[in-house]
Amino acid sequence: MRLGKTPARHDAAAPKTASLRMMRRRAAERLVRSVDPSPLLLANDRLGNCTAAALVNGARAQAALGGFQIAVTDDNAIDFYSASTGYIRGDERTDLGGNETDVLAYAARHGYRLDTQCLYPVWGDIDPADLNSVRLSVETCGTAYIGVQFSESDLWVNEAGNLADVW
């Protein structure tokens, strides 16, 4: 898979989960689940569309927890990536990745269109330093959609000493 290309940007105006009553209780220390979320690559091996792939894979994981699955194709993910970030199919210069907050806001307004349905995420920022909030998000919502920023030292380097396309 390819890493996202857009640096993280925190938006003070983004919805926050800290004020929700559900976030005030203590989360379970451990969740035991035996479910296959059946994640798909969704063109993330060819494009920097990790935001689009991760968002719908989170929905697939939530569906699996309920005992069903969501059909999604590479074309669905590319269409959403294009609509939410401005990527133009076939124009590598426009493959710049997406900012998680912008992508989530787009999906909440316009949905993530699939062949048979349109998904609308409910979302809000979690303080990543608050492990209880992260646990509560997974416990109550089934998944957490998170962005991770790696330093170059965290990435795999190929034999030529260059950062590889796949980490």
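Each chain has its residues counted from 1, following the order in which its sequence is written. Owing to the predicted nature of the model, reporting of local features is limited to residues with pLDDT of at least 70; listing and counting of side-chain atom pairs is limited to 80 or more, with chain, interface and lining totals taken over all residues. Side-chain metrics rest on all non-hydrogen atoms present in the structure, leaving aside hydrogens and water.

Asker: What's the story with helix α2 (residues 74–85) in this structure? I'm lost.
Answerer: An α-helical turn contains 3.6 residues, so any two residues separated by three or four positions project in the same direction. Numbering of helices and strands runs from the N terminus; a helix is a DSSP stretch of H or I covering at least four residues, while a strand is a stretch of E covering at least two. Here the expected length of a helix is defined as 1.5 Å per residue gap, with one fewer gap than residues. Between the first and last C-alpha of α2 there are 16 Å, a value that for 12 residues agrees with the 16 Å anticipated at 1.5 Å per step. Categorising residues by exposure relies on relative accessible area from a 1.4 Å probe, with only protein chains included: less than 20% of the type maximum marks a residue as buried, more than 50% marks it as exposed, and the intermediate range marks it as partly exposed. All of the buried residues in α2 are N76, A77, I78, F80, Y81, S82 and S84. Any two residues whose heavy atoms approach within 4.5 Å are treated as being in contact. The secondary structure elements touched by the buried residues of α2 are α1 (50–65), α3 (100–110) and β1 (112–113). Of the residues trailing α2, G86 is marked for its positive phi of about 95°.

Asker: Which parts of the structure should I look at to understand the side chain of S137?
Answerer: Take S137: it is sitting in helix α4 (residues 131–141). Non-local contacts of S137, meaning those with residues more than four positions away in its chain, are made with I126, G142, T143 and A144.

Asker: Hey, could you run me through the packing of aromatic side chains in this one?
Answerer: Two descriptors summarise a pair of aromatic rings, namely the distance from one centre to the other and the angle between the planes of the rings. A pair of Phe, Tyr and Trp rings is counted when the ring centres sit within 6.5 Å of each other, with Trp represented by its six-membered ring. The angle between the planes then sorts it: under 30 degrees is stacked, over 60 is edge-to-face, the rest tilted. For the coordinates displayed, the defined rule picks out 3 aromatic pairs. Taken together, the ring pairs in this structure connect F80, Y106 and Y112 into an aromatic cluster.

Asker: How should I be thinking about the packing of α2 against α3 in this particular structure?
Answerer: Two numbers describe a pair of packed helices, the interaxial angle and the distance between the axes. Between the N-to-C directions of two axes lies an angle of 0 to 180 degrees, each axis being a line fitted to C-alpha atoms and, for a helix, fitted only over the stretch in contact. α3 packs onto α2 with a crossing angle of 105° between their chain directions and a minimal axis gap of 9 Å. Between α2 and α3, the interaxial angle falls into the category roughly perpendicular. Every residue of α3 that contacts α2 at F80, A83, S84 and T85 is listed here: V103, Y106 and A107. Among the residues making up the contact of α2 with α3, the classes are represented as 5 nonpolar, 2 polar and no charged. Roughly parallel means an angle under 35 degrees; roughly antiparallel, over 145; roughly perpendicular, 65 to 115; everything else is oblique. Under the convention adopted here, Pro, Cys and the residues Ala, Val, Leu, Ile, Met, Phe, Trp and Tyr are nonpolar, Asp, Glu, Lys and Arg are charged, and Gly plus all remaining residues are polar.

Asker: Help me understand the environment of D91, please; the structure alone is not making it clear to me.
Answerer: The residue D91 is located in the loop between α2 and α3 in this model. Counted as a polar contact is a pair of N or O atoms within 3.5 Å, where, for protein atoms, one must be capable of donating a hydrogen and the other of accepting one, and residues adjacent in sequence contribute only when both atoms are in side chains. A distance of 3.0 Å separates a polar atom in the side chain of D91 from a polar atom in the side chain of R93.

Asker: Would you explain the nonpolar core in this entry?
Answerer: Here is a general trend for soluble globular proteins: nonpolar side chains tend to be buried in one another's company. Throughout, nonpolar core names a set of buried Ala, Val, Leu, Ile, Met, Phe, Trp, Tyr and Cys residues whose side chains join them through atoms within 4.5 Å. By size, the foremost hydrophobic cluster in this structure holds 23 residues, and its most contacted members are L55, V56, F80, Y112, L114 and L119. Looking at this core, the elements with two or more residues in it are α1, α2 and α3. In terms of residue count, α1 provides more of this core than any other element does, 6 residues in total. Once residues lying within four places of it in the same chain are set aside, the contact partners of L119 are V56, A59, I70, A107, G111, Y112 and L114.

Asker: I'm lost on the pattern of salt bridges in this one. Help?
Answerer: Any two side chains of opposite charge can pair, given that their charged atoms come close. A pairing counts as a salt bridge when a side-chain nitrogen of Lys or Arg comes within 4 Å of a carboxyl oxygen of Asp or Glu. Within this structure, the stated rule accounts for 9 salt bridges. Note that D125 and K16 form a salt bridge whose closest N and O atoms lie 3.7 Å from each other. Of this pair, D125 sits in the loop between β2 (118–119) and α4 while K16 sits in the segment before α1; the two residues are 109 residues apart in sequence, bridging distant segments of the chain. With a closest N to O distance of 3.1 Å, R135 and E29 form a salt bridge. On the criterion of sequence distance, the pair formed by R135 in helix α4 and E29 in the segment before α1 is long-range, its members being 106 residues apart. Classification of R135 by relative accessible area gives partly exposed; the value is 25%. Overall, the relative accessible area of 52% leaves E29 in the exposed class. Each of R26, E29 and R135 takes part in salt bridges that share partners, so that together they form one network.

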